[in-house]
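As a plain string of letters, each chain reads:
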Amino acid sequence: MKTFKLTIQQADKKKILNIEEGSLLSRTLPDHGIPLDTPCGGYGSCGKCRITYLSTPPDPTPAEKKNILPESLKKGLRLACQHHVTEDTSIKIEELPEKKSLHILSDGIDLEGELDPDIPEGVSLNKPLGLAVDMGTTTLVLTLHDLKSGKRLGLRSAPNPQSLYGTDIISRATAATESPNEAKALQRLMIEKINDLIRDMTDTPRDIVHVVMAGNTVMSHLFLGLSMDSLVTAPYIAPVTDMQVLESKESGLTIHPRGKVSLLPCIGSFIGGDISADLLVCREILPEDVTYLLMDLGTNCEIVLKTPEISVAASAPAGPVMEGAGITCGMQAEAGAVSDLFFNGDGRFQAVTIDNEPAKGICGSGLIHSIHTLWKQKRITDDGRFVENIHKKGFMIDKNVYLSPRDIRAYQMAKGAIAATRKMLLQDAGLSVQDLDYLVLAGGFGHYIRPEAGMETGIFPRLPADAFLYLGNGSLGGCELILKNKQTVPVIQRLAQNTRHSELAGRPDFQEMYVMNMGCLLYTSDAA
């Protein structure tokens with residue numbers, strides 16, 4: 001195949017590569033050790049994978065015209081995801097993303113239970129080990145356990161390496177369905193990272209005899225290497241929802257040759273094994289006769305209504321805004337991200353950033369808290385408009401970080417989907433907020449939202465403070481329960497099978513509810 005010379009200028013360094021004709025720059029550069037920030041998965045919507053052409057630049061694409069100023073386009077600024085190598089090319093990397101230190105929620109509620117691990121037949125070890133794995137869209141968390149004592153021996157976490165293909169699951173699922181090679185690459189990235197973390201935790205990985213894993217439906221299918229054609233097109237059916245058990249060799253993980261890997265059962269198309277794990281943890285800590293809403297907030301927000309009689313789940317298409325993507329100064333929850341905004345009382349606003357680093361952007365919780373604070377201080381109207389003259393970009397949180405009208409609109413759309421979903425679940429069951437005993441918040445995002453901000457902007461229902469229960473990393477907690485006691489396997493299988501998946505998005509009454517809850521920032525009644 002024909003190749004071309006690609007010359008890359010990075011600060012005072014120069015690298016020259018021979019690249020096959022037609023190679024996409026946003027894939028080629030990371031393959032050669034040059035990282036790019038691609039939260040949208042290379043579809044041109046985030047505008048972050050910026051490069052500057054030193055040779056003659058190609059014509060700008062519509063995505064570039066939308067994300068890059070005209071004067072910058074004239075200077076050769078482009079997006080790496082928009083262009084292929086078709087001739088000898090010279091570029092300069094405009095912005096190399098700093099190494100990210102994500103804030104990862106690695107722990108949940110401490111659960112004690114009977115120790116009865118599933119050790120495969122024929123395995124004889126003095127100290128058999130078990131591994132629990134939470135395969136999150138954004139992060140991976142692993143814990144290592146002594147299966148004879150039940151003691152946790154180690155914990156490791158890392159960003160999910162699949163973010164190269166997008167920070168949201170739809171981008172990754174689309175990449176996997178469009179190309180078998182990309183599907184294999186996504187699978188390989190996950191397996192290699194888990195193996196790296198295993199080696200970092202123990203010198204004896206072959207003493208691991210059982211691995212229990214949970215993730216959303218897309219993460220599970222990517223790990224298994226299964227086709228997702230039916231998952232990404234209507235009517236959005238997951239090829240596999242049952243619990244999957246793999247032998248060591250077919251899993252790709254570096255564990256005992258007779259070890260096994262268990263993937264927790266999914267509930268529906270976008271309700272995964274992580275939610276089944278959350279329900280298992282809830283079963284351990286809550287009385288059987290209570291009614292609660294379980295909410296796991298993220299790009300695809302999962303909500304479960306659980307009563308003594310029914311269990312029904314739905315997903316709310318909130319989009320990437322809750323993960324800090326899709327907003328002007330958005331970023332993930334890492335050092336320098338604005339996570340909160342307070343009004344001092346002397347006319348000034350004070351931003352709170354992760355690790356107290358200088359503000360670099362706004363993460364999901366920072367978006368909610370900033371909008372809530374500005375609304376409380378009457379800087380934003382109930383319908384989401386700024387009430388006074390502000391900077392042309394928007395409200396300046398810091399000299400380089402601001403909240404734009406477009407950001408508020410993106411938040412309103414996400415909030416509308418979440419609020420409509422939880423209200424429809426209650427309405428379909430003939431219940432109201434007053435019937436809820438608890439609001440259970442799972443995952444990292446919900447863990448960091450102030451209850452009053454969530455309630456007053458309409459994400460959470462109005463409930464007393466003691467009704468809020470923070471599950472932490474329930475996905476990991478559920479894996480650990482299964483790892484330590486094989487008697488919980490039929491329990492989680494029943495929980496998944498008995499939870500009905502409700503498809504709300506296509507219903508006319510859901511669309512009406514969505515529009516009703518989208519426009520207003522002010523809390524609206526849950527009586528609907």
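Residues numbered from 1 in each chain as written. Predicted model: local features only at pLDDT ≥ 70, side-chain atom pairs only at ≥ 80, totals over all residues. Heavy atoms only, no water.

## Here's the deal with the overall build of the protein chain
Each helix and strand counted, the protein chain has 16 helices and 22 strands in total. Computed over its C-alpha atoms, the radius of gyration of the protein chain comes to 24 Å, within 12% of the 24 Å expected for a compact globule of 528 residues. Along the first, second and third principal axes, the C-alpha atoms of the protein chain reach 65 × 60 × 45 Å. The long-range fraction of contacts in the protein chain, counting pairs at least 24 apart against all pairs at least 6 apart in sequence, stands at 67%. Side chains of the protein chain carry 53 positive and 64 negative charges; the gap between the two charge centres is 6 Å. (Helix = DSSP H or I, 4+ residues; strand = E, 2+ residues; numbered from the N terminus. Rg over C-alpha atoms; globule rule 2.2 N^0.38 Å. Contact = heavy atoms within 4.5 Å. Lys, Arg positive; Asp, Glu negative; His and termini not counted. Charge placed at Lys NZ, Arg CZ, Asp CG, Glu CD.)

## Some details on the packing of helix α4 (residues 169-178) against helix α6 (residues 217-224)
For the pair α4 and α6, interaxial distance at closest approach is 10 Å and the crossing angle is 30 degrees. Our pair here, α4 against α6, has a crossing hand that is left-handed. Here α4 contributes Ile 169, Arg 172, Ala 173 and Ala 176 to the contact with α6, which in turn contributes Val 218, Met 219 and Leu 222. Classifying every residue of the contact of α4 with α6 by side-chain character gives six nonpolar, no polar and one charged. (Axes fitted to C-alpha atoms, helices over the stretch in contact; angles between N-to-C directions. Left-handed = near helix turned anticlockwise from the far one by under 90°. Nonpolar A, V, L, I, M, F, W, Y, C, P; charged D, E, K, R; others polar.)

## A word on the pattern of salt bridges
Oppositely charged side chains can pair when the atoms bearing their charge come close. Across all of its chains, the model carries 13 salt bridges by this definition. Salt-bridge contacts for Arg 507 lead to Asp 509; the nearest nitrogen and oxygen are separated by 2.8 Å. For Arg 507, a relative accessible area of 24% puts it in the partly exposed group. Overall, Asp 509 belongs to the partly exposed group, its relative accessible area being 30%. Salt bridges sharing partners connect three or more residues here, namely Asp 340, Arg 450 and Glu 452. (Salt bridge = Lys/Arg side-chain N within 4 Å of Asp/Glu carboxyl O. Buried < 20%, exposed > 50% of the residue type's maximum accessible area, 1.4 Å probe, protein only.)

## Points about the packing of aromatic side chains
A full pass over the atoms with the stated rule returns three aromatic pairs. On the numbers, 5.2 Å between centres and 85 degrees between planes, the contact of Phe 349 with Phe 395 is edge-to-face. Of the two residues, Phe 349 is situated in strand β16 (residues 349-353) and Phe 395 in strand β18 (residues 395-396); the sequence distance between them amounts to 46 residues. An aromatic cluster of at least three residues, connected via ring pairs, comprises Phe 343, Phe 349 and Phe 395. (Phe/Tyr/Trp six-rings, centres within 6.5 Å; stacked < 30°, edge-to-face > 60°.)

## What about the sheet that holds strand β7 (residues 139-146)?
Spatial strand order, β8-β7-β6-β9-β11-β10: six strands in an open sheet with mixed pairing. Looking at strand neighbours, the two that pair on one side only are β8 (152-159) and β10 (244-247), the edges of this open sheet. Looking at each pair of strands side by side, their axes are set apart by 15 degrees on average, direction ignored. Examined bridge by bridge, β7 and β8 share seven bridges and lie antiparallel to one another. Counted as the bridge partner of Leu 144 is Gly 154 from β8. (Pairing = 2+ DSSP bridges.)

## Things to note about unusual backbone geometry
Positive phi is not limited to glycine here, since Asp 355 has a value of about 65 degrees. Within the secondary structure, Asp 355 sits in the loop between β16 and β17 (361-362). Residue Asp 355 is classed as partly exposed on the basis of its relative accessible area of 44%. At Lys 378, a residue that is not glycine, the phi angle is positive and equals roughly 60 degrees. Structurally, Lys 378 can be placed in the loop between α10 (364-376) and β18.

## What about a negative patch on the surface?
Negative charge collects at one region of the surface, where Glu 288, Asp 289, Asp 435 and Asp 437 lie side by side. Of the residues examined, Asp 289 reaches a relative accessible area of 60% and is grouped as exposed. (Patch = residues over 30% accessible without salt bridge, like charges linked within 9 Å, V, L, I, M, F, W, Y side chains within 5 Å. Areas by Shrake-Rupley, 256 points an atom, 1.4 Å probe, with all protein chains shown as cover.)

So, to be careful, I would describe these as geometric facts and stop short of saying anything about function.
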